[in-house]
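Here is what each chain is made of, one letter per residue.
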Amino acid sequence: MTTQQNVSALPAEVPGDLRMARRLWPFLLASTVSLIPFTVFGMYLVPISEAAGGSVAEIGGLRGLGGLAALAVGVLLAPLMDRVPRELVAAGGLALLGISAALGAVGNVFALAAFCLLIGASTSILAPSIGAAAADRFASPAAAGRAATLVSATTSAMAMLAAPVLAVPGLIWGWRGNLLAAAVIALALSAAFFTRGRGRKAPITKGARMSYLATYRELARIPGAVPLLAVAMLRTAAFMGYLAYLAAFYDEKFELAPGWFALVWSLSGASFFVGNLLAGRYLATERAGLTPERMLLVGITVALLAVSAFYFSPTLPLTLLLTALMGASHATVAACVTTLLVRHSGDLRGSALSVNAAGMSLGTFVGAAVGGVGLGLGGYPGTAITFAGITLVAVLCALRVRSALR
């Protein structure tokens, strides 16, 4: 009877996703807008390169500036994330996003370089602040964790849908119009968040304020936080490195034309979105059988098996199945990382999520770089060994997380 009462009490403690979305819609909208400028940059890279007077390789390479900016700003500002009301931090990130989108519309090389730098900086501010702010809207750890994963699930959904959604208005006003529209929306949202945040208090008040370096020391003392952040960085390196060479692999092994590969990319994006959404919802139920740390270990183990088999798959259907499994398993791990950070970081959850975002930015660079080394030295078997090795280290870190949280 007690178990039945506990189960029946869960829906009241953790609202349904639609009910949560109605309460969190400003944060979900902000997470959606954050992806538009870089999506436009990727979609219209050829005409943007022509307008800037550079080659596709030269202009496309500017995207790396965004990753470097995200890493630097995420690390430098992490201890400050919880000393200002979350909405004001989000307002600053949105304002920076709007300015960068407007700069991108100028279209010359210098404006595009500034665009990439500011986009990276703005997303490293915006993503952790809206995730933490969404979590703050709910008192229970389970509901707070679900709120944060709902924001990340919305982001992954937009990553999958942004290109087709932006294609229609792009036919009317082109890539510059899309960037200017993104700038207007971001600046309007920034003003709204600023208005909402003026009367709120910072999570860490003056009386409880700790020094800049002490914030990092407190983060390190959170049970399982260090190996958990390592899992996030390593799994990002393995997954983003795998995605960087996915089109080339399908082209070489199965001679898949770009049009058909778009369906493969959609399969990967859809599996990631569904995996993130369902895993986050399951974790919110707080079932004893599969705790977040156990699900983390299961998810990263499945990812290890999937990447080990992917590059040696003999048939297209099996390869597609492994592609979907890779997306779903990595999405599960991402949901577990976010849930555990939010639940165990308390008032420092903004700082924890900021460090996590910076680590994932570093993982993106590392994954593409070491994947290229593996490919150059040993072909796709070398790539498989590289990504499997990275994921194996993540499995060992997940074991440390489980041990720490016992």
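As recorded in an unreviewed UniProt entry, the protein goes by the name MFS transporter, listed as coming from Kribbella sp. HUAS MG21. Turning to the protein, the UniProt record has this under Subcellular location (unreviewed entry): "Cell membrane".

Colleague: Which parts of the structure should I look at to understand the environment of Pro-85?
Modeller: When you line up the elements, Pro-85 lands in the loop between helix 6 (63–77) and helix 7 (86–106). Residue classification places Pro-85 among the buried residues on the basis of a relative accessible area of 10%. When the C-alpha atoms of Pro-85 and Arg-23 are compared, they prove to be 18 Å apart, with 62 residues separating the residues in sequence. Among all residues touching Pro-85, those that are not within four sequence positions of it are Gly-197, Arg-200, Lys-201 and Ala-202.

Colleague: Got a minute to help me understand the pattern of salt bridges in this structure?
Modeller: Note on pairing: side chains with opposite charge can pair once their charged atoms come close. Applying the stated rule across the entire model yields 6 salt bridges. The salt bridge partner of Arg-86 is Asp-136, with a shortest N-O separation of 2.6 Å. Of the two residues, Arg-86 is situated in helix 7 and Asp-136 in helix 8 (residues 109–136); the sequence distance between them amounts to 50 residues. The exposure class of Arg-86 is buried, given its relative accessible area of 5%. A salt bridge links Asp-136 to Arg-349, with the shortest nitrogen-to-oxygen separation between them at 2.7 Å. Of this pair, Asp-136 sits in helix 8 while Arg-349 sits in helix 16 (residues 349–405), placing them 213 residues apart in sequence. Residue Asp-136 is classed as partly exposed on the basis of its relative accessible area of 32%. Judged by its relative accessible area of 12%, Arg-349 falls in the buried class.

Cut-offs and rules
- Residues numbered from 1 in each chain as written.
- Predicted model: local features only at pLDDT ≥ 70, side-chain atom pairs only at ≥ 80, totals over all residues.
- Heavy atoms only, no water.
- UniProt positions renumbered as here; feature names shortened; annotations may be inferred.
- Helix = DSSP H or I, 4+ residues; strand = E, 2+ residues; numbered from the N terminus.
- Buried < 20%, exposed > 50% of the residue type's maximum accessible area, 1.4 Å probe, protein only.
- Contact = heavy atoms within 4.5 Å.
- Salt bridge = Lys/Arg side-chain N within 4 Å of Asp/Glu carboxyl O.

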